[in-house]
Amino acid sequence: ERMWQEICKNVPQATLVKGRVTGAVHSGNAEGKLLGAKLSDGTIVEGDALLFACGPWTADIVTGIKYHSVVVPTRSVLSQCVFFSGCGDPEVYVRPDSTAYCTGFPEAERRVTERPGEESIDETKVTT
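These numbers come from a predicted model, not from an experiment.

Draft legend 1. Up close: the sheet that holds strand 6 (residues 91-95). Pairing is antiparallel in the open sheet, where four strands are placed in the order 4-7-6-5. Every interior strand has two partners, whereas the edge strands, strand 4 (68-73) and strand 5 (82-83), have only one. One ladder, built from six bridges, connects strand 4 with strand 7 (residues 99-104); its direction is antiparallel. Across the sheet, histidine 68 pairs through a bridge with glycine 104, a residue of strand 7.

So, in structure tokens, the structure goes:
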């Protein structure tokens, strides 16, 4: 609420619309120009751009690329992250608890339907 008050100081014509976006609305012609967003109650909010800031619910409306990841222990707290190009594009993010988060080997773009905490393990990607 406080953030909205600050916005209105600089943009007094701004309007706050609360609701659940169910999809984008496009023109029916070949261009498919964005017209706005449709809310769950059927209301159309006009606009020429959409910002997807849905947190864990983003998967309901956009596609993504799923990466495989693992957390591994390190002997000490490391100080540098590492990024590779090629060979699965692995990335290693060091963490302050003597672990490293490693990710890479992206799959093809698709609709990711898993929710946070409900991720699945693809056994075909795991080797021992």
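Draft legend 2. Representation of the layout of surface pockets in the model. Volume-wise, the second largest pocket comes out at about 580 Å³. As for the second largest pocket, its lining consists of 23 residues, of which Tyr67, His68, Ser69, Val70 and Lys125 are closest to the centre. Only strand 4 and strand 7 provide two or more residues apiece to the lining of the second largest pocket. Tallied by class, residues from the lining of the second largest pocket come to ten nonpolar, six polar and seven charged.

Draft legend 3. Summary view of the sheet that holds strand 3 (residues 44-46). Pairing is antiparallel across the open sheet formed by three strands, whose spatial order is 1-2-3. Lying at the two open borders of the sheet, with one neighbouring strand each, are strand 1 (21-26) and strand 3. Put simply, the sheet's adjacent strands are angled 30 degrees from each other on average, direction ignored. By the bridge criterion, three bridges tie strand 2 (residues 34-39) to strand 3 in an arrangement that is antiparallel. From the neighbouring strand, glycine 36 faces strand 3, where its bridge partner is glutamate 46.

Here is what the cut-offs are and how they apply
- Residues numbered from 1 in each chain as written.
- Predicted model: local features only at pLDDT ≥ 70, side-chain atom pairs only at ≥ 80, totals over all residues.
- Heavy atoms only, no water.
- Pairing = 2+ DSSP bridges.
- Helix = DSSP H or I, 4+ residues; strand = E, 2+ residues; numbered from the N terminus.
- 1 Å grid on protein atoms, 1.4 Å probe; cavity = no way out; pocket = protein on both sides within 12 Å on 5 of 7 lines; lining within 4 Å.
- Points joined across faces, edges and corners; volume = space filled by probe spheres on them.
- Nonpolar A, V, L, I, M, F, W, Y, C, P; charged D, E, K, R; others polar.
- Axes fitted to C-alpha atoms, helices over the stretch in contact; angles between N-to-C directions.

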